[in-house]
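Examination of the molecular architecture
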Amino acid sequence: MKERLSMIELPMKKLFGLLLVLLAMTAHGKRLEGVLLHEVGDPHSPQAAAHVRYHLQTADQLVPLRVSGAFASRMPISHWLGKRVAVLLQHEPLFNGQDNRVQAIELLEGERAGGGVFGAQPWVSILCKFNDVADEPENLAFFQGMYANQPAGLDHYWREVSYNNINVVGSLAIDWLDLPLSHTAYVPDPGSGTDADLSTLFEDCTGVADPVVNFATGANGNEFVGINMMFNESLDCCAWGGGRFATLDGVTKVWRTTWNPPWAFRSEGVIAHEMGHGFGLPHANNSDGDGSPYDSPWDVMSSATGYSVNDPVYGRLGKHVNMEFKHNLGWVNDGVGYIADASSNDVFLLVNSSSPVVGNGYRFARIPLSDGTHYVVEARKEEGNYESNLPGTAVIIHHVDHARSEPPWVVDADNPPANYADTEGVMWKTGETFVDPIDGFIVEVLGQFASGYNVRIKSQDDLIFIDGFE
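Treat the numbers as computed from the prediction; the structure is a model and nothing was measured.

Turning to helix 4 (residues 154–161), a few remarks are in order. Counted residue by residue, helix 4 has seven buried out of eight residues, so it is predominantly covered. Burial in helix 4 covers these residues: Leu-154, Asp-155, His-156, Tyr-157, Trp-158, Glu-160 and Val-161. Looking at the buried positions of helix 4, the neighbouring elements they touch are strand 8 (166–167), helix 8 (268–278), helix 9 (323–328) and helix 10 (384–387). Trailing helix 4 by a residue or two, Tyr-163 shows a phi angle of about 55 degrees, which is positive.

Right, dumping it as structure tokens:
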């Protein structure tokens with residue numbers, strides 16, 4: 001029998017962290033209100049660390065924020081992209097590249113963390129050349145074809161992943177335009193570090209495109225929601241995805257935004273990953289605790305190109321995202337999920353994630369836990385345009401803790417957990433059983449079918465467990 005290795009954080013730790021945040025809001029410091037923005041930097045090498053930049057857009061300025069890892073682990077700020085917040089700084093705000101230490105962040109009244117994404121989501125790709133670099137790595141047709149509604153096209157991809165809840169109809173690409181400055185004026189140390197001037201790149205790239213694109217009306221009368229900037233030379237360490245607050249052609253809002261060097265658009269899975277950050281998704285992860293968020297091949301928001309389908313034109317394509325992310329974006333709801341409770345003892349069909357229909361089964365199962373975290377159980381199958389190169393066909397279980405910077409972690413039975421989640425320890429197959437060590441829930445995989453797996457989820461609330469007892 002497989003058993004889950006890692007322990008789940010106790011409720012007292014989270015309560016203590018929240019108390020510290022509430023106390024900080026009453027301490028001395030500079031309080032500002034505005035829109036919370038962030039960009040996530042994903043390095044070319046999956047062994048390197050991810051980078052996250054936070055900003056507060058006030059009525060008249062962009063304030064760089066310094067958020068410690070400990071603070072971020074106590075607050076679900078990855079879900080607050082584009083939301084109005086109050087921030088307590090340690091001192092008067094600093095600018096000119098200096099960040100500002102955050103003591104507390106509070107979601108303002110009337111705002112709701114997360115939120116669904118539905119319907120047409122048109123993006124514009126702007127191809128921007130540094131004025132001292134003549135190379136054009138791909139032509140306009142390549143970038144326009146990237147949005148196609150056919151296998152390997154982003155419209156086709158997002159339709160499948162979202163169960164047709166979103167599309168990118170109306171997306172287009174703008175041919176290569178010259179930026180006003182040289183490569184190193186924007187990127188002092190190309191290919192390394194995190195010093196690319198993302199703000200100026202955004203302003204100048206959208207600025208040179210303004211005469212030839214109407215951001216307010218898009219290609220078919222619908223304003224663009226996102227901007228994919230494609231550059232003809234390397235940035236710093238990374239490709240970046242997130243959001244920018246700006247007024248373009250009279251529209252003031254948070255624009256979903258990506259910054260992509262040539263290595264990024266040679267693998268469309270990387271573009272899908274960065275667009276995912278634009279949609280507000282954080283990283284997913286495995287359970288090895290090594291600090292790298294790129295260790296799960298089961299999610300485009302983790303290992304973007306690992307175990308991906310290879311296309312002759314667009315390289316490594318994206319995979320699906322996990323069911324927790326699909327639920328966060330509104331692409332699945334509790335009506336198509338099995339929600340466990342203390343009386344659960346049910347057998348049901350868990351439908352393959354890549355299947356376009358649910359039928360008589362469930363898309364996912366969620367198991368709430370007493371410490372405020374939960375499990376999400378889903379079936380993944382090696383099939384289709386985007387999932388056919390997965391490590392295997394199996395039931396996959398994610399432990400989800402929204403206080404983590406990567407909330408979903410793939411549950412691993414191995415001890416210690418594998419460095420990369422492609423082992424048998426993360427794939428629950430017929431005859432195998434997962435036992436939760438905290439609340440005693442059991443997930444039994446009873447049988448495999450073409451459409452998914454029969455599973456039983458059972459509560460054991462009368463047992464004594466290592467972390468306490470009822």
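Let us now look at the packing of helix 4 against helix 8. Where helix 4 meets helix 8, the axes come as close as 12 Å, and the angle between the chain directions of the two elements is 55 degrees. Of the possible angle classes, the one that applies to helix 4 and helix 8 is oblique. Considering only the axes of helix 4 and helix 8, their crossing is right-handed. Residues Leu-154, Tyr-157 and Trp-158 of helix 4 form the contact with helix 8, whose own contacting residues are Glu-268, Ile-271, Ala-272, Met-275 and Gly-276. Here the residues of the contact of helix 4 with helix 8 are counted per class, giving six nonpolar, one polar and one charged.

On to helix 6 (residues 198–209). Across its twelve residues, helix 6 extends 16 Å between first and last C-alpha, which sits within 8% of the 16 Å expected from 1.5 Å per residue. Taken residue by residue, helix 6 has Leu-198, Leu-201, Phe-202, Asp-204, Cys-205, Thr-206 and Ala-209 as its buried positions.

Whenever strands of a sheet pair, they do so through backbone hydrogen bonds, lying parallel or antiparallel. Taken together, the four strands give an open sheet; going across it, the order is 16-23-22-21, and neighbouring strands pair in antiparallel fashion. Here the strands that pair on one side only, and so sit at the sheet edges, are strand 16 (345–351) and strand 21 (433–435). Going from strand to strand, the sheet's axes swing by 20 degrees on average, the running direction of each strand aside. Bridge analysis of strand 21 against strand 22 (residues 442–449) gives three bridges, and the strand direction is antiparallel. Bridged to Phe-434 within strand 22 is Val-443.

With respect to the helices, strands and loops of the structure, Lys-319 is situated in the loop between strand 14 (315–316) and helix 9. Buried and unpaired, Lys-319 has no salt bridge, with Glu-387 as the nearest side chain of opposite charge at 7.1 Å. A distance of 3.5 Å separates the side chain of Lys-319 from the side chain of Ser-308, its partner in a polar contact.

Moving on, we come to the sheet that holds strand 15 (residues 337–339). Judged by pairing direction, the sheet is mixed, and its five strands sit side by side in the order 15-17-18-19-20 without closing on themselves. Taken across any chain shown, the strands that pair with only one partner, and hence form the sheet edges, are strand 15 and strand 20 (408–410). Ignoring which end each strand starts from, the neighbouring axes of this sheet average 25 degrees apart.

Right, let's talk about the nonpolar core for a bit. Phe-143, Met-146, Trp-158, Ile-271, Val-321 and Trp-331 are the most contacted members of the largest nonpolar core, which has 39 residues in total. Discounting chain neighbours no more than four positions away, the residues touching Phe-143 are Leu-127, Glu-138, Ala-173, Trp-176, Met-230 and Phe-265. Core analysis: the second largest hydrophobic core is formed by 33 residues, Val-187, Leu-198, Phe-202 and Met-229 among them.

Moving on to the state of the cysteines. One pass over the structure, following the stated rule, counts two disulfides. The partner cysteine of Cys-237 in its disulfide is Cys-238, sulfur to sulfur 2.1 Å. Note on the Cys-237 and Cys-238 pair: the S-S dihedral is about -80 degrees, so by sign convention the disulfide is left-handed. Relative accessible area serves as the criterion here: at 15%, Cys-237 is assigned to the buried category. Taken N- to C-terminal, the disulfide-bonded cysteines of the protein are connected 1-2, 3-4.

Considering all chains together, one arrives at 18 aromatic pairs under this definition. Judged by centre distance (5.8 Å) and plane angle (20 degrees), the rings of Phe-130 and Phe-231 are stacked. Within this pair, whereas Phe-130 is found in the loop between strand 7 (123–129) and helix 3 (140–145), its partner Phe-231 is found in strand 10 (residues 226–231), the two being separated by 101 residues in sequence. For Phe-231, a relative accessible area of 0% corresponds to the buried category. An angle of 40 degrees between the planes, with centres 4.7 Å apart, marks the rings of Phe-142 and Tyr-314 as tilted. One end of the pair, Phe-142, is in helix 3; the other, Tyr-314, is in the loop between strand 13 (310–311) and strand 14, with 172 residues separating them in the sequence. Neither Phe-142 nor Tyr-314 differs from the other in exposure class; each is buried. Among the aromatic residues, ring-to-ring pairing joins Trp-123, Tyr-157, Trp-158, Phe-279, Trp-331 and Tyr-386 into one connected group. Positioned above the aromatic ring of Trp-240 is the side chain of Arg-53, whose terminal nitrogen or guanidinium carbon lies 4.5 Å from the ring centre.

What follows is about the pairing of strand 9 (residues 172–178). For strand 9, the tally of buried residues reaches five of seven residues, placing the bulk of the element in the interior. Two elements, strand 7 and strand 9, share five bridges in a ladder whose sense is parallel. Counterpart to Lys-129 in the pairing with strand 9 is Asp-178.

Conventions used here
- Residues numbered from 1 in each chain as written.
- Predicted model: local features only at pLDDT ≥ 70, side-chain atom pairs only at ≥ 80, totals over all residues.
- Heavy atoms only, no water.
- Buried < 20%, exposed > 50% of the residue type's maximum accessible area, 1.4 Å probe, protein only.
- Helix = DSSP H or I, 4+ residues; strand = E, 2+ residues; numbered from the N terminus.
- Contact = heavy atoms within 4.5 Å.
- Axes fitted to C-alpha atoms, helices over the stretch in contact; angles between N-to-C directions.
- Parallel < 35°, antiparallel > 145°, perpendicular 65-115°, else oblique.
- Left-handed = near helix turned anticlockwise from the far one by under 90°.
- Nonpolar A, V, L, I, M, F, W, Y, C, P; charged D, E, K, R; others polar.
- Expected span 1.5 Å × (residues − 1).
- Pairing = 2+ DSSP bridges.
- Lys, Arg positive; Asp, Glu negative; His and termini not counted.
- Salt bridge = Lys/Arg side-chain N within 4 Å of Asp/Glu carboxyl O.
- Polar contact = N/O pair within 3.5 Å; in protein donor to acceptor, adjacent residues only side chain to side chain.
- Core = buried A, V, L, I, M, F, W, Y, C linked by side-chain atoms within 4.5 Å.
- Disulfide = S-S within 2.5 Å.
- Phe/Tyr/Trp six-rings, centres within 6.5 Å; stacked < 30°, edge-to-face > 60°.
- Lys NZ or Arg CZ within 6 Å of the ring centre and 35° of its normal.

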